[in-house]
Amino acid sequence: MHCCHCNALQSESDVFASTGSDRSIALYDLRSSTPIRKLVMQTRCNALAWNPMEAFNFTVANEDCNLYSYDMRKLSSASVVHQVSKGC
């Protein structure tokens, strides 16, 4: 596990996300013993942060110098890709 963050919003306080050295992002619910969702990125994620205003949204920083925002209910693709200049 590379990075782990709980969702601080009261409505989803049992949910947390982790990033792994295997390029994965996994979502867990403390009420369950297995990941509720998991996806594998093209490159490794460096950090993860939950949106403080929207309980289902989080953003990951990736080694490709981009940020990827996801809705945890629909992980098939990023809802927004924030492209950063190549000089990061």
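One numbering rule holds for all chains: residues counted from 1, following each sequence as written. Selection of residues for local features in this predicted model requires a pLDDT of at least 70, selection of side-chain atom pairs for listing and counting requires 80 or more, and totals for whole chains, interfaces and linings are taken over all residues. Note: side-chain values were computed over all heavy atoms of the structure, leaving out hydrogens and water.

1. Focus: the pattern of salt bridges
Then, number 1: Salt bridge criterion: a side-chain nitrogen from Lys or Arg within 4 Å of a carboxyl oxygen from Asp or Glu. As enumerated under the stated definition, the model contains four salt bridges in all.
Then, number 2: With a shortest N-O distance of 2.6 Å, Arg 31 and Asp 29 are connected by a salt bridge.
Then, number 3: According to the relative accessible area criterion, Arg 31 is exposed, its value standing at 61%.
Then, number 4: A single network of salt bridges, built from pairs that share partners, joins Asp 14, Asp 29 and Arg 31. Here the term buried applies to any residue with accessible area under 20% of the maximum for its type, exposed to any over 50%, and partly exposed to those in between, with areas from a 1.4 Å probe on protein chains only.

2. Some remarks on the packing of aromatic side chains
For any two aromatic rings, the description comes down to two numbers: the centre-to-centre distance and the angle of the planes.
Then, number 1: Think of it this way: a Phe, Tyr or Trp ring, Trp meaning its six-membered ring, pairs with another when their centres are within 6.5 Å, and the plane angle makes it stacked under 30 degrees, edge-to-face over 60, tilted otherwise. Throughout the structure, instances matching the rule amount to three aromatic pairs.
Then, number 2: Ring centres of Phe 16 and Tyr 28 lie 5.0 Å apart, and the angle between their planes is 15°; on these two criteria the pair is classed as stacked. Of this pair, Phe 16 sits in strand S2 (residues 15–19) while Tyr 28 sits in strand S3 (residues 24–29), placing them twelve residues apart in sequence.
Then, number 3: For Tyr 28, a relative accessible area of 23% puts it in the partly exposed group. Only DSSP runs of H or I covering at least 4 residues are called helices, and only runs of E covering at least 2 are called strands; the numbering of each starts at the N terminus.

3. Let's talk about the confidence of the model for the protein
Where the model shows low pLDDT, its predicted coordinates should not be examined in detail.
Then, number 1: Within the protein, residue pLDDT values average 84, and 83% of them lie at 70 or more.
Then, number 2: Within the protein, the element-level pLDDT minimum falls on strand S1 (residues 3–6), averaging 55, and the maximum on strand S7 (residues 66–71), averaging 95. Per residue, pLDDT measures the predictor's confidence, with a range of 0 to 100.

4. Comments concerning the sheet that holds strand S6 (residues 57–62)
Then, number 1: Paired strands, in this sense, are two strands between which DSSP finds at least two bridges. Ordered in space as S5-S6-S7-S8, the four strands form an open sheet in which the pairing is antiparallel. In this open sheet, the two strands that pair with only one neighbour each are strand S5 (45–50) and strand S8 (80–83). Pairs of neighbouring strands in the sheet enclose a mean axial angle of 20°, with direction left out of account.
Then, number 2: Where S5 meets S6, five bridges bridge the pair, whose relative direction is antiparallel. Bridge pairing in S6 links Trp 50 to Phe 58. Lines are fitted to the C-alpha atoms to define the axes, a helix being fitted only along its stretch in contact, and any angle between axes, read from their N-to-C directions, falls within 0 to 180 degrees.

5. Description of the nonpolar core
Then, number 1: Counting residues in each nonpolar core, the largest one holds 15 residues, and the members touching the most others are Ile 25, Trp 50, Phe 58, Val 60 and Tyr 70.
Then, number 2: At the level of secondary structure, the elements contributing two or more residues to this core comprise S2, S3, S5, S6 and S7.
Then, number 3: In terms of residues, this core owes the most to one element, S5, which gives three residues.
Then, number 4: Apart from residues no more than four positions distant in its own chain, Tyr 70 is found in contact with Ile 25, Leu 39, Met 41, Phe 56, Asn 57, Phe 58, Val 60, Leu 75, Ser 77, Ala 78 and Ser 79. Side-chain atoms within 4.5 Å link the members of a nonpolar core, which is a set of buried Ala, Val, Leu, Ile, Met, Phe, Trp, Tyr and Cys residues. Contacts: residue pairs with any heavy atoms within 4.5 Å of one another.

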